[in-house]
Every structure is written in C-alpha cells, then in structure tokens.
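# Architecture at a glance
Here is what each chain is made of, one letter per residue.
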Amino acid sequence: MGIMGKIRGAGVRRGAVLSVAGLVVAPALVLGTGTATQAASCTAAKGPYQKQVEKWLKRTADGKQSAADCKAIRSFQVAKGVTPAIGYAGPVTWRTMKTITAQQAAGKTPNKAKKCPTNKGRIACVDLTRQLSWIQDGSKLKFGPVPVRTGRNGAETRTGATKIYWRNIDHWSTLYDVRMPYAQFFDGGQAFHSVTKTMYNNPGSAGCVNMRPADAKSYWNLLRNGDDVFVYGRKPGT
C-alpha cells in the first residue's frame, strides 16, 4: 500500500464499543396501542439522571419514570442518535444534553475565553469539551460555531497546534471501506470530514472531526493546505 493508502486507512481507527454497565432494563411500558416490539423499546427503569433529564426536557422533574417521560426521553435519543434509545435517563443522555446546553451558550462568541490563538490569521478551532468547531481570522469569526463529533474514548482526537496538509474532496478509507467526503487532514490520519450520523451519536468518531455535510463543505471552501488548526479541551466521557 502506498503512502496515500496509508493516509486513507489511518483516517478511521478502531475503538471500543460503548456499553452501559449496570443498566437493568425493567419490564417495558406499553405506550398507546403499540406492538410488543415497540413497547420493548421503552423502559420502565428510572435512570440515575432522571430528574435532571426531566427538567431539561421541561417536564415535571419528580425523578420518577412514567410512560410519558420515557416517550419524551426516547424521542430525544432517537433525534440525536443517542444509543440505546430506550428512554433511559442514563449518563450518555444527560451528558449529551449538557453538551447541547454548552453549545447553545457559545452563541456567536465561541472564543470568548480566547483559548484558540488569535495571532495566526485563518485558523480552524476545535473545542473538544463543547464539541464545537469554528473558523476565525485573527479574532474575527468567519464561520460557525458548528457542532462536531470527535474521537471516542481510546481513539481521542489529538490536541495541539497543527496545519492542514492534505485535502481530498471525495476521500475513501481503504482500511474501513467508508467514504470521507470533504476530507481535510491536519494530524496524521485525523481529518475534518462529513458523515451522515448525527453529531451526538455515541460513542464518537475514530479520531477524526466529523461534521454535518453542509458544514464540512463550508470548511472545504474556506480552508486551504497550510491553514492552521488548533484542537483543545477534552471530550466529555473520555
């Protein structure tokens, strides 16, 4: 395999499968007149973050699981790609909600704390803690911030200052046989590229900075080889 094959193969790395230890699924709640399969997709078990999740969803925060609570939690999980989508108020669901809250709070001033350098000219910033990325030119925001999906536990997106060194608009990973559209490599096999998953789908990428297709296309149009990239923070759950 040539050097490009190695680069392509390195774009996606293997990682551990996320499991929810100690999750006991109680007998399912029957919601409406659904089938047994549909009923089995919602749990009667109270989660450790029941009250917090209920409050976030603007439901009565009594800390007790009900059929309506389960349905609302499961709807959130399905919409955001959180698995398992069974209406359980567990750590992954609560962590996702906190991340969304932090992203919303960033507004149009994602670099308010000035953690991403402002003396580099055009630079793509990646905040792992908030799972956000944006492009700035000096201190001026040029694009974003947008939600991203970074490396899972054991395959974390590496932090530090790098530069985009290779771009391929229709990249293909030969190792995992998957498309990586709008790929822009900035650290070994790690790259910005689009995916069809939601940005909140757990446990995360194999190290790349996953983006929604429209956002990845905008990054492709705004960035060039040699442009700076700065990654900082730590992804929740890693």
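Everything discussed here concerns the structure shown above.
A quick note: this is a predicted structure, and the numbers were derived from the prediction, not measured.

With that settled, the discussion passes to the environment of G207. For G207, the location among the structural elements is in the loop between strand 7 (190-194) and strand 8 (209-211). Relative accessible area serves as the criterion here: at 0%, G207 is assigned to the buried category. With 49 residues separating them along the chain, G207 and R158 place their C-alpha atoms 7.6 Å apart.

Throughout the structure, instances matching the rule amount to seven salt bridges. Residue R158 pairs with D187 through a salt bridge whose shortest N-O separation is 3.1 Å. Placement of R158 in the loop between strand 3 (140-147) and strand 4 (160-163) and of D187 in strand 6 (residues 178-187) is noted, with a sequence separation of 29 residues between them. Assessed through its relative accessible area of 19%, D187 is described here as buried.

In this model, T83 is joined to P84 through a cis peptide bond whose omega is -5°. Within the secondary structure, P84 is located in the loop between helix 4 (67-80) and helix 5 (91-106). Cis peptide bonds are those with omega within 30 degrees of zero, and the linkage from G144 to P145 qualifies with 5°. Mapped onto the elements, P145 comes out in strand 3. One non-glycine residue with positive phi stands out, namely Q131, at about 55°. Inspection of the secondary structure assignment puts Q131 in the loop between strand 1 (122-127) and strand 2 (132-137). Notably, Y182 is not glycine yet its phi reads approximately 55°, a positive angle.

Should the sulfur atoms of two cysteines be covalently bonded, the bond is a disulfide. The full count for this structure, using the stated rule, is two disulfides. In this model C42 forms its disulfide with C70; the gap between the sulfur atoms is 1.9 Å. Negative torsions about the S-S bond denote left-handed disulfides, and the value of about -135° found for C42 with C70 makes this one left-handed. With C42 in the loop between helix 2 (36-40) and helix 3 (50-56) and C70 in helix 4, this pair connects stretches of sequence that are 28 residues apart. Judged by its relative accessible area of 2%, C42 is buried. The class for C70 is buried, based on a relative accessible area of 0%. Paired by a disulfide, C116 and C125 hold their sulfur atoms 2.0 Å apart. Disulfide C116 to C125: torsion about the S-S bond roughly -85°, handedness left-handed. Here C116 and C125 have matching classes, each one buried. With its disulfide-bonded cysteines labelled consecutively along the sequence, the protein is connected as 1-2, 3-4.

Criteria and thresholds
- Residues numbered from 1 in each chain as written.
- Predicted model: local features only at pLDDT ≥ 70, side-chain atom pairs only at ≥ 80, totals over all residues.
- Heavy atoms only, no water.
- Helix = DSSP H or I, 4+ residues; strand = E, 2+ residues; numbered from the N terminus.
- Buried < 20%, exposed > 50% of the residue type's maximum accessible area, 1.4 Å probe, protein only.
- Salt bridge = Lys/Arg side-chain N within 4 Å of Asp/Glu carboxyl O.
- Disulfide = S-S within 2.5 Å.

These figures capture arrangement, not role.
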